[in-house]
Amino acid sequence: GDSVTQTEGQVTVSESKSLIINCTYSATSIGYPNLFWYVRYPGEGLQLLLKVITAGQKGSSRGFEATYNKEATSFHLQKASVQESDSAVYYCALSETNSAGNKLTFGIGTRVLVRP
Amino acid sequence: EAGVTQSPRYAVLQEGQAVSFWCDPISGHDTLYWYQQPRDQGPQLLVYFRDEAVIDNSQLPSDRFSAVRPKGTNSTLKIQSAKQGDTATYLCASSNRGRAETLYFGSGTRLTVL
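Every value quoted in this text rests on a predicted model; they were computed, and no experiment measured them. Within every chain, residues take consecutive numbers counted from 1 along the sequence as written. Chain letters and ligand numbers both follow the written order, the letters beginning at A and the numbers at 1. In view of the model being predicted, local features appear only for residues whose pLDDT reaches at least 70, and side-chain atom pairs are presented and counted only at 80 or more, with totals across whole chains, interfaces and linings using the full set of residues. For the side-chain quantities, the full set of heavy atoms in the structure was used; hydrogens and water were omitted.

A. Representation of the overall build of chain B. The secondary structure listing takes helices from DSSP runs of H or I that are at least 4 residues long and strands from runs of E that are at least 2 residues long, numbered from the N terminus. Scanning chain B from terminus to terminus reveals zero helices and eleven strands. Sequence-ordered secondary structure for chain B, helices as α and strands as β, is β-β-β-β-β-β-β-β-β-β-β. Computed over C-alpha atoms, the radius of gyration of chain B comes to 13 Å, within 12% of the 13 Å expected from 2.2 N^0.38 for 114 residues, which places it in the range of a compact globule. Buried positions account for 50% of the 114 residues belonging to chain B. In this description, contact between two residues means that some pair of their heavy atoms is separated by no more than 4.5 Å. Sequence separation of at least 24 residues holds for 54% of the intrachain contacts in chain B that already meet a minimum separation of 6. Radius of gyration: over C-alpha atoms. The globule rule applied is 2.2 Å multiplied by the number of residues raised to the 0.38 power. Throughout this description, buried means an accessible area under 20% of the type-specific maximum (1.4 Å probe, protein chains only), exposed means over 50%, and partly exposed covers the range between.

B. The arrangement of the environment of B:Gln37 in detail. Along the chain, B:Gln37 turns up in strand S4 (residues 31-37). By relative accessible area, B:Gln37 is classed as buried at 8%. B:Gln37 sits 49 residues away from B:Asp86 along the chain, and the two C-alpha atoms are 9.6 Å apart. Ignoring anything within four residues of it in the chain, the contact list for B:Gln37 reads A:Arg40, A:Tyr91, B:Gly42, B:Pro43, B:Ala88, B:Thr89 and B:Leu91. Pairing of N or O atoms within 3.5 Å defines a polar contact, subject to two protein rules: one partner must be a possible hydrogen donor and the other a possible acceptor, and residues neighboring in sequence count only if both atoms are side-chain atoms. At a separation of 2.8 Å, a polar atom in the side chain of B:Gln37 contacts the side chain of A:Tyr91. Of the polar contacts made by the side chain of B:Gln37, one reaches the backbone oxygen of B:Gln41; its length is 2.8 Å.

Here is the structure:
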């Protein structure tokens, strides 16, 4: 079946420093999967951060970027300069392009703590 | 626009007890999902519906779990005889059909089975 592997545990980074969360995937469909980053801020529900459905394309939101690399089967999340408000849990996810609905397979989640 | 509403927020049971979770999706969304998220893991799909029809329930433990969405709007997820291994947060999400559509999640129900 489909699977997503991402940086585990907690990542602690100082404000204004760069951040990268690694994500690699394995999909069983013949075509290429859709790729997503979801985020849960403290006290809030899970919400979409960005998505990319075309291999080779880059998605961006709130200063974060992720590029769909089909050769490496990766979708790493990066931000050049983080803020305290970026402290959250980040989930990489995929869905198959031929599925009815958007059935997401999630990674384990990466907790990011930004220190002032 | 109201978001996805779930109730209750918390539930604490003894093993063998039954519990139901309720979800009210965003108005007009035709697809509804139930996910189980154990502590320190990612959400795992249990079942999802398009309108009132079940699209995929292959990950739903059918001997103890059931889910319905009778009018294609609200949904109920029920655990007949809870086990300690069911301790998790249960998330409901809804979406409108489209390619790679965004899922909108509720705040979840945190279940503890003692």
